[in-house]
Every structure is written in C-alpha cells, then in structure tokens.
Amino acid sequence: MVRLNQYPMKDMGLLGGTLKKSLRYGAVIAASTLAFGITVAPAAPAATAVKACLALDTGGVDDKSFNAAAWRGAQSTATASVTVKYLAAQSDADYAPNIKKLVDEKCSVIIGVGFLINSAIVDAAKANPGTKFAIVDQDGFDHGPNGDQYPGTALTNLKGLQFATNQSAFQAGYLAAGFSKTGKVATYGGLNIPPVTIFMDGFAKGVAYYNKVKGKKVVALGWDTVKKDGTFVGGFSDQAKALQISKNFEQQGADVIFPVAGGLGGATAGQSMTGHKSVTIWVDSDGYVQAPQYKSVLLTSVVKGVDTSVAGVIKDVAKGMFSSTGYLGTLANKGTYLASYHDLAKKVAARLQNEVRQLGIDIKSGKVKVS
Amino acid sequence: MSLELRAVTKSFGALIANDHIDLKVGDGEIHAILGENGAGKSTLMNVVYGLLQPDAGEILVDGEEIKISGPADALAAGIGMVHQHFMLIPVFTVAENIVLGHEKTNKFGILELSKAKEEIRRVSAEFNFDVDPDSLVETLPVGIQQRVEIIRALIYDAKVLILDEPTAVLTPQETDELLRNMKILRDKGTSIVFITHKLREVQEAADKITVIRRGKVVGNPLVTASQEELASLMVGRPVALDVYKKAITPGPVALSVKNLNVHDITGRRLVKNVTFDVHEGEILAVAGVQGNGQSELAKAIVGLEEFIDGSIVLDGKDITTWSVHDTLYSGIAYVPEDREHDGLISSFSIAENLILDTFDTPPYAKGPVMSPTIVAREAEVRVKEFDVRLQSVQDSAASLSGGNKQKVVLARELSRPVKLVVASQPTRGLDVGSIEFVHQRIISERDSGKAVLIFSTELDEVTDLADRIAVMYRGEIIAMVAATTSREDLGLLMAGVHPEGTRS
Amino acid sequence: MKFFRKAVSTIALPGLAFLSALFVSGLLIAFSDPKVLKLAHSPFKFIGGAFAAAGKAYLALFEGAIFDPNLAHPNFFDGFYPLSETLVAASPLILTGLSVALAFRAGLFNIGAQGQFIFGAIGASVVGFKTTMPVGIHVIAAIVTAMVFAGLWGGFVGLLKAKTGAHEVIVTIMLNYVASYFLLWLLSTTPFLRKGRQDPIAPPVKESARLPHLAGPNLRVNLGIIIALAAAAGVWWLLNRSTWGFRFRAVGANAAAARTAGISVPLVTTLVMAIAGALAGLGGAVQILGSEYALTAGAGGTFGFDAITVALLGRANPIGTVFAALLFGGLRAGGLTMQANTDTPIDLILVIQALVVLFIAAPALVKAVFRIKQLKVGSGVVSKGWNG
C-alpha cells in the first residue's frame with residue numbers, strides 16, 4: 001500500500017517542517033499524474049459491534065514506527081464484527097479535534113498514539129465517560145489541570161499502554177558488547193524523551209553488565225547513564241543527520257549501532273551496508289520483517305509490542321473485557337522482546353546466544369536488574 | 001546604398017508607435033530623424049534593425065523588398081546600428097569586442113585576432129578614428145567607445161549606419177568630432193540615419209530631415225529651417241526656445257560650501273575640496289561631463305552622501321552632518337538626477353508622490369493620522385498649478401510621461417517653503433515643450449529670490465539658465481566663470497583644458 | 001456600480017482559482033477511491049461513482065468547515081461547531097499572515113514568522129503557567145509578553161539588516177532554526193517540564209490566562225479571532241491611513257526614492273520587522289492561550305510558513321490576508337472531517353491548498369482555462385518580494 005506521506009512529521013525542526021511540506025506537495029503533485037498511486041485507509045462503514053479507532057500523531061500511518069505499529073496491531077484484529085479506522089494529524093493542534101470526531105462517530109474504543117496526544121485523550125476521557133480510551137506510551141492517569149499532580153488519578157475508561165523496553169534493550173546491549181570486535185558500540189536517539197531514552201539507557205546498562213560479568217571494557221557511545229544525556233538527531237526525519245551520526249560512530253570505531261529514532265534507523269543500516277564496518281540493531285519492530293532491504297546488516301531488533309498491545313486492547317473490548325488497569329509490556333508478557341538474529345545467526349557465537357537467552361530469563365525472574 | 005521604408009506600422013496594444021511611416025534614405029546622405037521622446041523614433045529604428053517586427057509595411061534596400069527578422073538579417077543587408085547604450089564588454093580589448101560573435105580560431109583552437117586588428121587599423125586610419133585595437137574598452141573615453149561601435153558596424157560592411165541618440169553621452173568636443181566624422185563617412189559613401197532631438201546638431205550635420213510626432217511623419221523640413229520651426233514641428237505648437245531672463249541683483253549668500261570632499265564606500269574621493277557660494281536670487285550652474293562628481297556633490301548637499309568632510313552652510317546653519325529629512329526641512333528643494341529611481345515611487349499614486357517628503361506635516365497629517373481627502377485635494381491644486389497632464393491624481397506615477405513626471409517632482413519640491421533649489425539634470429530626457437516649462441519654473445524661483453543650484457551636462461541649458469557657471473572636472477571645480485563664457489571655452493573646460501583667460 | 005465591478009474583479013480570479021482547484025482535487029479524490037476504480041469497466045458508472053465520491057468528500061469538507069447538521073440536535077447552535085473550528089484554525093494564521101504581509105509591503109520578505117510565532121508562544125506560555133495574576137490582567141500580560149518577545153526577535157533581524165545589510169531572508173531562515181531548537185531545549189529544562197514527566201510539553205497555562213470562549217464551552221472559538229480581526233483592521237489602518245504606514249510603503253515600493261525624500265530606511269526596516277514579529281508573536285499567544293493551552297515542541301506547527309502562502313494569496317493586503325487565512329482555516333478544519341467521514345487522506349487537503357495557490361499564482365492559467373480576456377489581475381505583489 002502506497003501512501004504519500006513517507007516523511008514522518010514528527011520532526012520539530014522548522015525548515016524540516018517546510019521541506020517536508022514542500023516534499024509532500026511535490027510528491028502529491030507528482031503522484032497526481034499517476035493518480036493511482038494514492039490509496040486510502042481501508043475502512044468498512046457498515047455498523048458493526050465494535051469500532052476501534054486510532055488517533056495518530058503527526059507521524060502519520062506510514063512512519064515506520066509506532067503509528068505504523070499501532071495501525072498494524074489494529075488491522076490484525078479486524079473481523080466481521082470489528083472494524084478499525086484511524087485519523088492522522090497534520091499538527092499538534094489537530095489532536096483534540098480529531099479525538100472529538102472519533103467520539104462523535106461513536107467509536108467503541110479510541111486509542112491515542114504518541115505522548116503528545118496524552119492531554120487531549122485525558123480531557124476526552126473525562127468528558128466522555130461512556131467511551132473507552134487507551135493511550136500508547138503514557139500512564140493514562142489524570143494529572144490535574146496543571147498536569148503536575150503525581151501519581152494522579154486513574155480514570156475508569158482510560159488504559160495506559162507502557163513498555164519496559166529497557167529489558168530487551170539491556171539484552172541488546174549485552175549482545176552488542178559480546179558481538180563487538182572493536183570493543184566499541186553505540187546508540188543514538190531521535191529526541192531526548194522517555195520513550196526513546198529508556199531504550200538507550202537499557203542498552204548502555206546492558207553493555208556495562210557485560211563488562212562487569214566478563215571483566216571487559218567495551219565502550220558504549222551515545223548515552224551517558226549518569227548524566228542521562230547522549231547523542232540525538234533532534235527529530236525523527238533528518239536522514240542526513242542520522243547518517244552523519246552513524247558515520248561518526250563508525251569513525252570512532254563502533255561496530256554495532258543501535259539507532260532509537262524510528263524510521264531513521266534506515267540511515268544507519270544503509271551506512272552499515274555500504275561501509276561494511278558495522279551492524280545495526282533495529283528498534284520498535286522486527287526490522288527483518290518491516291525493513292527487509294536491510295536484512296543483511298541487522299543483528300537483531302529490540303521489539304516494542306505496540307502492535308500486540310493495541311491489538312490486545314481491541315480484542316478485550318470486543319470480548320467485553322476492557323479494563324482500565326495499565327498495561328506494561330515486559331519480556332515476561334512478550335510486550336517487548338529481542339527478535340531473532342535471522343541471517344546473522346551464524347555470525348553470533350553459540351555461547352553468546354545462550355548467554356543472551358539466559359540473561360532474558362534472569363531479567364524476567366528479577367535476578368538481573370535492568371535499571 | 002539606399003534604404004526605404006513604406007507605410008511601416010507598429011503598435012503595442014492600443015498605442016500606435018509607428019503609424020504608416022514612409023522614409024527614404026538616399027545613397028551617401030545624413031538623414032536626421034527628429035522627434036520628441038516617445039515620438040516613435042527608436043521603435044522605428046528597432047524595426048529596421050530587426051529587433052522588432054512591424055505589423056505592416058515594407059522595408060526596401062536599393063529598391064528591393066527585404067525581410068528582416070533579426071539583427072543578423074539587418075547586418076547581412078548592410079544595415080548597422082550604434083545604440084545609445086553601447087553593447088561593449090568593458091574588460092575586453094577593442095579587437096576582442098569587435099570579433100565578439102564572429103570569433104575565428106586558428107588550427108589549435110586559439111582565438112585569431114591578428115586579422116581583425118589589421119582591419120581595425122585600416123578602418124581607423126581611413127576615417128582618422130585613432131583607435132588602438134589593443135586598448136581595453138573600459139580605459140577609453142566615451143567618444144572613443146562610440147567609435148569602436150562605429151568601426152564594428154563598418155567592418156561588418158554596413159552601408160547604412162543607424163546612430164541612435166549618439167550625442168547624448170558625449171562632451172561638446174566629442175559631439176563636434178562625431179558630427180565631423182559623420183560627414184567623412186557620408187563623403188565616403190556610407191548613408192547615416194541620425195536619430196536625435198537636438199536641433200543644433202540637426203542643423204549642423206543633416207542633409208535631409210524627417211520629423212516624427214506621435215508615431216507619424218509630420219514633415220520634411222529643409223536643413224535651412226530655423227530652430228524655432230523645427231521645434232514647433234516636433235512639439236506641434238509654437239515654442240519659445242530662448243529663455244527670457246530679467247536681470248536681477250543677487251542677494252546675500254544662501255548656501256556656502258567649503259572644502260567639501262566626498263568619498264564612496266571604497267574610499268575613492270569623488271568630490272575634491274570643493275568650495276563655492278550660491279547667493280539668493282542667483283542661478284549657479286555646475287557644468288561638467290557626466291561622472292565628474294556632480295551627482296555626488298548634489299547628493300552631499302542634501303545629506304545623501306555618507307562619507308563627507310568639509311562644511312555645508314545653509315542660511316547660517318551648518319547642515320553638513322544633518323539627515324536628509326532635516327536638510328530638506330531646513331529649506332532645500334531637491335530635484336534628483338534620476339527621477340524614475342530617486343524622485344518618484346512609480347507604484348504610488350500621483351497624489352502620494354506629491355507629498356513624498358511632506359506627508360507627515362500638516363495639513364496632510366495630524367500626528368500619525370493622515371488624511372487622504374486633503375492629500376487628494378491638495379494634489380488637484382498642485383497638478384493644475386504645474387500643468388501636469390493626467391487622468392486622475394489617484395493614478396500611479398508610472399502612468400505619466402517623462403515630462404509630467406518631472407513636473408510632479410517640481411510641483412512637490414517647489415511647493416515647500418525653501419531657500420535653495422538643488423536640481424540635478426532637471427531636463428534630462430525631456431521633450432522640448434517640457435524643457436521650456438522646467439526652465440521657466442526654475443527662473444521664476446530665482447526671480448522670487450531663491451538661490452538655485454543647477455547641475456547639468458547640457459551646454460545649452462547651462463548657458464541659458466546660469467548667472468554664473470562652475471565647471472567640474474574629475475571631482476574638482478576647475479573654473480568659476482561668467483554666464484557669458486562661450487560654448488567653445490566651456491567645452492574645453494569640461495574636458496579639463498583651460499583656454500586662455502579663463503583660469504580662475 | 002463601479003464598486004460592484006471592482007469587487008467582482010477582485011473576487012472573480014481567486015474564486016475561479018478555487019473552483020479549478022476543487023475540480024482537479026475532485027479528480028484526485030475520485031481516482032484515489034478504490035471503490036470508484038473498481039467501476040472502471042463501465043464509463044458511465046465510473047463517472048457517476050467519481051462524482052459521488054468527490055461530492056461526498058466536499059460535503060464532508062463543508063460539514064467540517066462551516067456547519068454540520070448531524071451535530072445540530074438537540075442544540076441547533078452546536079451545528080456550528082465546524083465553523084468554530086475554522087475560526088480557531090484561522091486565528092493564528094490571520095496574525096502570522098499579517099506579519100508576512102506587512103513586511104512585504106515594506107519590501108521585506110519575512111520568512112521568520114515561524115520563529116517569531118514560537119517566541120510569542122514561549123512568552124505567552126511562560127507568563128501563563130509561571131505567574132499568578134487576576135483574571136483579565138493575566139491574559140493581557142501574557143499577550144503583551146508574547147508580542148514583546150517576538151517583536152524583539154523580529155526587530156533584531158531588522159536591526160541586523162539596517163546596520164549590516166544582512167539579508168532578512170537568510171537571517172530569518174537561520175533564526176527559525178534557532179527558535180525551534182531553543183524551544184526544544186527549553187522544554188527539556190526543569191521549569192518547563194511538567195512534574196513527573198520528561199516529555200517536551202510545558203505545564204498548561206492557568207485558567208486566568210486563557211482567552212475566553214465566545215460561544216459557550218462546547219465551541220472552541222475564542223477571543224483569538226476577535227484579536228486577529230482587530231489586528232487586521234489595525235494593520236490596514238497603519239498601512240493606509242498613518243504616516244508610519246506611508247513610510248513603510250514608500251520604502252517597500254522604492255527605497256531609493258524614500259531615502260531621497262528623507263525617510264530613514266534603516267529605522268523603517270527595524271520597526272517593520274519588530275511589528276511583523278509582534279504580530280506573529282500575537283499569533284503564537286492566540287494559539288497557546290486560545291486553544292492549545294500548553295507549549296509543545298511542535299507548537300509552531302507550520303503557521304509561519306503557511307503565513308507566506310496566506311499573505312501571497314491575500315496579495316499582501318490585510319483584508320485579503322484575512323480571507324485567505326479563513327480559507328486555509330476552513331480547509332484545515334474541513335480536512336480533518338473529510339478524513340474522518342470519507343477516508344480521504346488528509347494529505348489531499350494539502351493538495352487542494354497547493355492547487356489553490358498554484359491557480360492563483362498563475363492567473364494566466366485560470367484565464368486560459370476560462371477564456372477570460374479582460375479580467376484584471378490584482379497588483380503584482382505576488383511576483384515581487386526579493387528586492388532587498
């Protein structure tokens with residue numbers, strides 16, 4: 001399915017904004033000559049038992065990141081009695097109107113995707129107690145009119161979907177440290193925000209754990225676990241900057257790179273393919289499946305189960321079992337996990353594979369603390 | 001070779017620039033085409049040279065109709081043209097400029113200039129042009145650059161040479177030389193079409209005259225016709241060419257400039273140590289060839305030049321460092337040299353242009369609030385007083401003709417209470433009728449006791465208007481002479497030469 | 001009669017351009033609908049289907065921009081919710097559009113409305129959530145702060161140009177980057193973090209600093225639209241009836257002549273950029289205090305860039321700018337509904353916007369399409385603007 005917006009709008013960079021916009025115009029006009037290039041989001045208007053609706057953020061449905069994952073999860077639940085649809089936003093100002101539209105359409109459940117959409121979802125949940133809501137990457141609590149009341153009050157019709165991705169990233173860090181020949185590995189993020197840095201922190205701590213266990217000195221570039229700061233692109237759409245960061249890491253000797261920047265991982269993987277100096281660990285989804293063009297350099301992927309959790313919420317609603325209790329994706333409930341090594345399996349020593357597997361078991365059991 | 005036009009017609013939208021024009025230029029004659037600006041002279045010549053295509057009519061060379069669809073065709077037919085603005089590349093040599101577009105290379109692909117140089121030397125010697133093919137064009141005086149253009153036309157075998165306002169850029173001496181050269185060319189068989197609006201030159205050089213007015217041929221006067229007759233034909237009504245000026249005793253000093261230097265941003269000194277006074281009731285004309293520092297001197301007086309030293313005193317007040325706004329309000333009317341660029345805002349209405357420097361004063365504005373009705377009402381009064389021909393004062397200034405534009409500038413500047421009028425090239429590009437009006441206005445300002453400072457490159461204008469004449473050369477005032485000084489002596493001074501008895 | 005003819009010639013061209021854009025977009029809507037494409041085997045059904053699809057989409061556009069009968073019961077007034085949304089979307093656009101238009105008239109190309117908008121949003125947000133003031137005073141203080149922040153930000157560009165000749169296009173583009181990354185950084189600092197969160201979202205502004213709703217709590221339309229319209233009237237007065245406007249326009253139309261007439265070009269440049277900045281900043285304030293209530297990294301949206309289109313579409317005239325902004329606001333609000341009701345991709349709204357601009361920017365095209373000879377094209381502000 002080809003959609004026009006291939007440029008995730010999540011970048012807050014300004015010219016980025018215009019460029020993207022003009023690219024959009026350009027792409028759209030170019031495509032208009034081909035007219036058939038445009039397809040619409042599938043939907044079934046017929047009234048059915050359950051109507052699950054997604055309110056996406058500005059990344060759009062093809063952001064190759066969590067918007068796409070959420071929509072994938074929702075689509076997987078579509079049956080004769082479950083219809084799914086989404087509304088994408090053009091800017092932050094669209095969130096509230098979009099959610100209102102979904103409420104007016106009498107959606108059975110409205111799932112907000114993205115942290116910025118949180119306030120609008122919370123407001124809507126309070127105003128429409130009869131509608132069920134869920135929010136990805138947030139706790140789903142009401143933190144008061146000034147947003148400063150913590151822990152806040154739970155709402156009976158709003159479910160937070162969160163992910164302990166530091167668990168799987170911890171494994172990835174351990175794996176990277178064991179896999180590295182140069183003794184240097186690296187990570188970078190899109191923005192310095194919790195849903196991103198939780199991966200980077202887990203990764204860096206995984207490397208540190210490897211050093212502790214093995215008595216090695218593998219260096220993790222790009223994230224300082226003490227200062228809570230590191231290397232960031234400053235958005236999710238600047239391919240050139242992501243590529244530059246990847247090249248810098250390679251020049252510093254890193255041979256495993258873990259980009260936590262949605263679709264920008266492609267820039268790093270592309271550099272891995274052309275430079276033959278590094279391998280890439282994909283983020284959010286299994287890159288081997290979602291970005292197969294890079295499969296020859298993907299060591300593994302740190303999967304965040306946005307799709308499965310969204311699908312889970314919709315299935316619960318369909319079964320009449322919706323609960324507002326927050327969801328936390330962990331290794332234990334497969335809400336996050338380390339994907340298969342796929343084509344690179346034979347390059348990963350069997351012993352290392354076993355250690356990583358055992359590490360996962362130890363994290364689940366609480367024997368190894370990841371944070 | 002003879003050139004004949006039959007009923008050539010060319011229109012631009014509703015405007016008919018050339019209306020059934022017939023013209024016959026015989027073998028070896030200088031044929032002057034006389035007309036005011038906008039009469040259609042240049043359009044006609046652009047048609048002949050192939051730069052414009054006529055809507056109707058025929059062009060015949062030696063009795064045979066030819067089709068000219070571009071300058072290349074014109075050249076092939078033996079028609080050459082020297083434009084008012086030269087088409088030369090300043091950093092190239094004379095030879096390089098002449099071969100441009102017709103370059104020949106030797107077997108190594110290197111530019112072959114020796115033949116061209118030979119040709120240039122031959123033509124130059126034949127007509128006594130004194131042009132060195134190896135000199136850089138930018139180092140040559142304007143008059144010589146014009147000869148380069150003429151040589152180029154001759155080398156490409158032009159038998160009919162069109163000269164478009166050729167004297168506009170020349171000093172009086174250079175003008176005389178050009179007229180002499182035109183006669184030499186004619187005597188050797190080249191026909192010349194000489195476009196001009198200067199009556200003296202026509203009388204001096206032309207064998208035949210065609211007068212064009214509003215796109216039509218209005219007459220073929222004999223070369224013996226008087227200047228008044230020619231001017232009347234051109235304008236379409238009787239014109240007084242001699243400016244009547246009553247004698248008046250100048251009053252006290254109004255403007256006193258001492259040791260003034262003006263530098264440009266790169267530090268070049270354009271005005272050098274200039275000192276002079278202008279008295280009330282006196283017209284001081286600063287004569288000089290374009291580019292000798294007059295423009296900068298005029299601008300410096302009104303505060304438009306940034307890097308100046310020396311002193312400028314108006315009516316006892318030192319205004320040297322004042323802003324333009326303050327200078328104008330201290331009592332200077334300023335008519336800038338380039339009215340299109342500096343004098344008017346063409347997209348503004350005529351009414352707005354009439355208050356360009358008084359818009360924030362009563363009655364036009366009270367505090368920050370402007371009154372469009374008063375602006376329009378006052379504009380009506382001004383345009384009547386200054387005889388500006390227009391449809392509505394709300395039309396844009398761009399819709400006016402050159403003469404009417406200058407009238408708007410004058411109406412604006414002379415309606416303020418001023419002590420000094422500074423006018424740069426006040427009649428440049430204007431037709432005879434408008435020149436007459438502008439001159440009369442300037443004289444009446446002087447008669448009412450104002451000090452007037454005129455900058456002009458036109459000798460006629462200088463001698464007609466001035467009570468005293470300052471001659472500028474290379475940034476200096478090299479002579480301060482009486483208004484009765486002869487044209488010849490003034491011409492020499494403008495070229496930097498002190499004739500006997502004029503050294504001041 | 002003359003007035004009527006003038007009005008027709010002013011509206012006719014943009015109107016026809018809009019119709020042309022709708023027509024071409026209708027084709028795109030039809031061709032992008034898989035249900036329509038399935039009818040391709042039968043030309044009649046295909047054309048019918050295409051009309052139905054485009055009609056449905058445009059009905060949704062109308063329902064999303066002006067009036068939605070589905071929302072009109074039980075309370076008829078609620079049917080105007082879409083109009084309210086249009087006005088909410090248009091308010092900041094009017095203000096940023098005015099910012100660009102004003103600068104345009106003074107011969108300056110203000111690409112920096114984006115950065116100025118951001119600084120206005122920052123100023124309004126800081127006063128809105130950090131300080132405590134009585135109702136009324138608080139909102140005024142927030143607005144004034146926004147205008148001062150953005151005015152200084154814009155005026156700085158004017159000062160640079162006046163003093164050093166730095167071209168405002170380059171400077172404003174660069175300052176847009178500075179503003180957006182400054183905002184990003186600011187949102188990562190402690191005062192701007194909501195308690196317990198590390199997301200780039202500032203605490204919401206207090207109730208006392210919010211612009212009051214104009215039509216009850218259900219409709220989001222707020223005082224912002226009144227502020228925007230008042231600003232448009234103010235800019236119109238400034239440009240056409242004040243001595244400062246005369247100076248601005250004179251410098252814009254011919255800086256050399258303005259200078260010769262004694263107008264200080266550097267002063268005008270600085271002042272115009274400061275006022276333009278303040279207008280864009282007012283837009284940021286209206287956005288934060290009127291509808292968003294919290295500063296986010298994406299708070300700037302594309303208001304500053306859309307403003308350029310809006311100002312061009314409005315021919316750099318304050319009244320034209322208001323209408324262009326309302327059109328864009330309507331397309332924006334209606335586009336969300338079009339997406340929701342008919343599954344038309346939201347990007348198609350961008351296409352319609354682009355097509356409207358394309359058709360208006362190329363009057364020759366519209367004239368050719370409709371075989372108009374005499375229609376007078378408005379003054380050529382559109383084609384100029386790069387003159388320093």
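Note that the structure is predicted; figures quoted are calculated from it, not measured. (Residues numbered from 1 in each chain as written. Chains lettered and ligands numbered in written order. Predicted model: local features only at pLDDT ≥ 70, side-chain atom pairs only at ≥ 80, totals over all residues. Heavy atoms only, no water.)

1. A word on the overall build of chain A
And then number 1: From N to C terminus, chain A includes eleven helices and 16 strands.
And then number 2: Of all 371 residues assigned to chain A, the portion counted as buried reaches 59%.
And then number 3: Partitioning the intrachain contacts of chain A with sequence separation of at least 6 by distance along the chain shows that 69% fall at a separation of at least 24.
And then number 4: Roughly 14,300 Å² of accessible area belongs to chain A as shown, and the carbon and sulfur atoms make up 57% of that amount. (Helix = DSSP H or I, 4+ residues; strand = E, 2+ residues; numbered from the N terminus. Buried < 20%, exposed > 50% of the residue type's maximum accessible area, 1.4 Å probe, protein only. Contact = heavy atoms within 4.5 Å. Areas by Shrake-Rupley, 256 points an atom, 1.4 Å probe, with all protein chains shown as cover.)

2. Concerning the domain arrangement of chain A
Residues and elements named next belong to chain A.
And then number 1: Domain assignment breaks chain A into domain 1 (1-24 + 46-163 + 305-335) and domain 2 (165-304 + 341-365).
And then number 2: Spacing between the C-alpha centres of domain 1 and domain 2 amounts to 27 Å.
And then number 3: Each partner contributes to the interface: domain 1 provides 19 residues, whereas domain 2 provides 22 residues.
And then number 4: Roughly 1,600 Å² is buried in total at the junction of domain 1 and domain 2, and carbon and sulfur atoms are behind 60% of that figure.
And then number 5: Across the pair Lys304 and Asp137 runs a salt bridge whose closest N-O atoms are separated by 2.9 Å. (Domains from an automatic or database assignment. Buried area = accessible area lost by both parts, 1.4 Å probe. Salt bridge = Lys/Arg side-chain N within 4 Å of Asp/Glu carboxyl O.)

3. Some thoughts on the sheet that holds strand β10 (residues 216-219) of chain B
Residues and elements named next belong to chain B.
And then number 1: Taking strand neighbours across the sheet as the criterion, the six strands line up as β6-β7-β8-β3-β9-β10 in an open arrangement whose pairing is mixed. Since the sheet does not close on itself, it has two edges, and those belong to β6 (79-82) and β10, each with one partner. On average, each strand axis in the sheet is tilted by 25° relative to the strand beside it, whichever way the strands run.
And then number 2: Examined bridge by bridge, strand β3 (residues 30-35) and strand β9 (residues 208-213) share five bridges and lie parallel to one another. Considered in β9, the bridge of Ile33 is made with Thr210.
And then number 3: Across the sheet, helix α1 (residues 41-48) touches β3, β6, β7 (160-164), β8 (191-196) and β9, and the angle it forms with β3 is around 135°.
And then number 4: The sheet contacts of helix α6 (residues 172-187) involve β3, β7 and β8, and relative to β8 the element is tilted by about 150°. (Pairing = 2+ DSSP bridges. Axes fitted to C-alpha atoms, helices over the stretch in contact; angles between N-to-C directions.)

4. Concerning the pairing of strand β13 (residues 279-284) of chain A
All names here are of chain A.
And then number 1: Extensive coverage of β13 is indicated by the burial of six of its six residues.
And then number 2: Pairing between strand β12 (residues 256-260) and β13: two bridges, direction parallel. The residue of β13 that forms the bridge with Val256 is Val279.
And then number 3: Of the crossover connections in this fold, the one passing from β12 over helix α8 (residues 265-275) to the parallel β13 is right-handed.
And then number 4: The pairing of β13 with strand β14 (residues 298-304) spans five bridges and is parallel. Bridging from a neighbouring strand, Val283 pairs with Val302 of β14. (Right-handed = clockwise from strand over helix to strand, strands pointing away.)

5. Quick notes on the state of the cysteines
Here is the idea: a disulfide is a covalent bond, and it sits between the sulfur atoms of two cysteines.
All names here are of chain A.
And then number 1: In total, this model carries one disulfide over all chains according to the counting rule given.
And then number 2: The disulfide partner of Cys53 is Cys107, and the S-S distance across this bridge is 2.0 Å. One disulfide, between Cys53 and Cys107, carries an S-S torsion of -85° and so falls in the left-handed class. Taken together, the residues Cys53 in strand β1 (residues 50-55) and Cys107 in the loop between α3 (95-104) and β3 (109-113) connect sequence positions 54 residues apart.
And then number 3: Relative accessible area serves as the criterion here: at 0%, Cys53 is assigned to the buried category. (Disulfide = S-S within 2.5 Å.)

6. Points about the interface of chain C and chain B
And then number 1: Taken together, the contact pairs 17 residues of chain C with 26 residues of chain B.
And then number 2: Here chain C packs against chain B, burying approximately 1,900 Å² in sum over the two surfaces, 66% of which is carbon and sulfur.
And then number 3: The three residues of chain C that bury the most area against chain B are Thr243(C), Phe246(C) and Thr260(C), which together make up 33% of that side's buried surface.
And then number 4: On the surface where chain C and chain B come into contact, there are two salt bridges.

7. With respect to the nonpolar core
And then number 1: Counting 231 residues, the largest nonpolar core has Leu289(C) and Leu295(C) as the members making the most contacts within it.
And then number 2: If one sorts the elements of this core by residue count, helix α11 (residues 265-292) of chain C sits on top with eleven residues.
And then number 3: Beyond its immediate chain neighbours, meaning those up to four positions away, Leu289(C) contacts Ala124(C), Val139(C), Ala142(C), Ile143(C), Val205(C), Ala209(C), Arg210(C) and Leu211(C).
And then number 4: If you look at the next biggest cluster of nonpolar residues, it comprises 49 residues, including Met182(B), Val211(B), Met234(B) and Val432(B). (Core = buried A, V, L, I, M, F, W, Y, C linked by side-chain atoms within 4.5 Å.)

8. Description of the domain arrangement of chain C
Residues and elements named next belong to chain C.
And then number 1: Under the domain assignment, chain C is made up of domain 1 (1-65 + 345-375) and domain 2 (87-328).
And then number 2: Taken together, the contacts link six residues of domain 1 with five residues of domain 2.
And then number 3: The contact between domain 1 and domain 2 buries some 510 Å² in all, and 77% of this surface belongs to carbon and sulfur atoms.
And then number 4: Broken down residue by residue, the surface that domain 1 buries against domain 2 is led by Gln353, Val357 and Ile360, which jointly contribute 68%.
And then number 5: At the junction of domain 1 with domain 2, the criterion picks out zero salt bridges.
And then number 6: Linking domain 1 to domain 2 there are zero residue pairs in polar contact (both at pLDDT 80 or more).
And then number 7: Of all the secondary structure elements, the ones that give two or more residues to the side of domain 1 that touches domain 2 are α1 (2-31) and α14 (347-361).
And then number 8: Ranked by the residues each element gives to the side of domain 1 that touches domain 2, the list is headed by α14, at four residues.
And then number 9: Looking at the side of domain 1 that touches domain 2 residue by residue, the classes come out as five nonpolar, one polar and no charged. (Polar contact = N/O pair within 3.5 Å; in protein donor to acceptor, adjacent residues only side chain to side chain. Nonpolar A, V, L, I, M, F, W, Y, C, P; charged D, E, K, R; others polar.)

9. A few points about unusual backbone geometry
And then number 1: Following Pro362(B), the chain continues to Pro363(B) via a peptide bond in cis, the omega torsion being 5°.
And then number 2: Structurally, Pro363(B) can be placed in the loop between α12 (350-353) and β17 (365-366).
And then number 3: One non-glycine residue, Asp137(A), lies in the positive phi region at around 70°.
And then number 4: If you trace the backbone, Asp137(A) turns up in the loop between β4 (132-136) and β5 (141-142).
And then number 5: Phi at Asp284(A) takes a positive value of approximately 80°, unusual for a residue other than glycine.

10. Some words on the packing of aromatic side chains
And then number 1: Summed over the entire model, instances satisfying the criterion amount to 26 aromatic pairs over all chains.
And then number 2: Between Phe129(C) and Phe192(C), the ring centres sit 5.5 Å apart and the planes meet at 80°, which makes this aromatic pair edge-to-face. Note that Phe129(C) is positioned in helix α5 (residues 113-130) and Phe192(C) in the loop between α7 (168-186) and α8 (223-241), a separation of 63 residues in sequence. With respect to class, Phe129(C) is no different from Phe192(C); both count as buried.
And then number 3: Connected via pairs of aromatic rings, a cluster forms that spans Phe170(A), Tyr174(A), Tyr209(A) and Tyr210(A).
And then number 4: When the ring centre of Phe127(B) is taken as reference, the NZ or CZ atom of Lys188(B) above it lies at 5.5 Å.
And then number 5: The ring of Phe348(B) carries Arg249(C) above its face, with NZ or CZ at 5.1 Å from the centroid. (Phe/Tyr/Trp six-rings, centres within 6.5 Å; stacked < 30°, edge-to-face > 60°. Lys NZ or Arg CZ within 6 Å of the ring centre and 35° of its normal.)

11. Observations concerning the environment of Ser296(A)
Residues and elements named next belong to chain A.
And then number 1: Looking at where Ser296 falls in the secondary structure, it is placed in the loop between α9 (287-290) and β14.
And then number 2: Residue class for Ser296 comes out partly exposed when judged on its relative accessible area of 44%.
And then number 3: The spacing of Ser296 and His342 is 46 residues in sequence and 9.1 Å in space, taken between C-alpha atoms.
And then number 4: Once residues lying within four places of it in the same chain are set aside, the contact partners of Ser296 are Met273 and Leu344.

12. Overview of the sheet that holds β14(A)
All names here are of chain A.
And then number 1: Pairing within the open sheet is mixed, and its six strands lie in the order β9-β8-β12-β13-β14-β16. Since the sheet does not close on itself, it has two edges, and those belong to β9 (219-221) and β16 (336-338), each with one partner. When the angles between neighbouring strand axes are averaged without regard to direction, this sheet yields 15°.
And then number 2: Lying over the sheet, helix α6 (residues 194-214) contacts β8 (184-189), β9, β12, β13 and β14, oriented at roughly 170° with respect to β8.

13. Considerations on the packing of α8(C) against α11(C)
Residue and element names in this part refer to chain C.
And then number 1: Where α8 meets α11, the axes come as close as 10 Å, and the angle between the chain directions of the two elements is 170°. Compared by their axis directions, α8 and α11 come out roughly antiparallel. In this structure, α8 contributes Gly224, Ile227, Ala231, Val235 and Leu238 to the contact, and α11 contributes Ile275, Leu279, Leu282 and Val286. (Parallel < 35°, antiparallel > 145°, perpendicular 65-115°, else oblique.)

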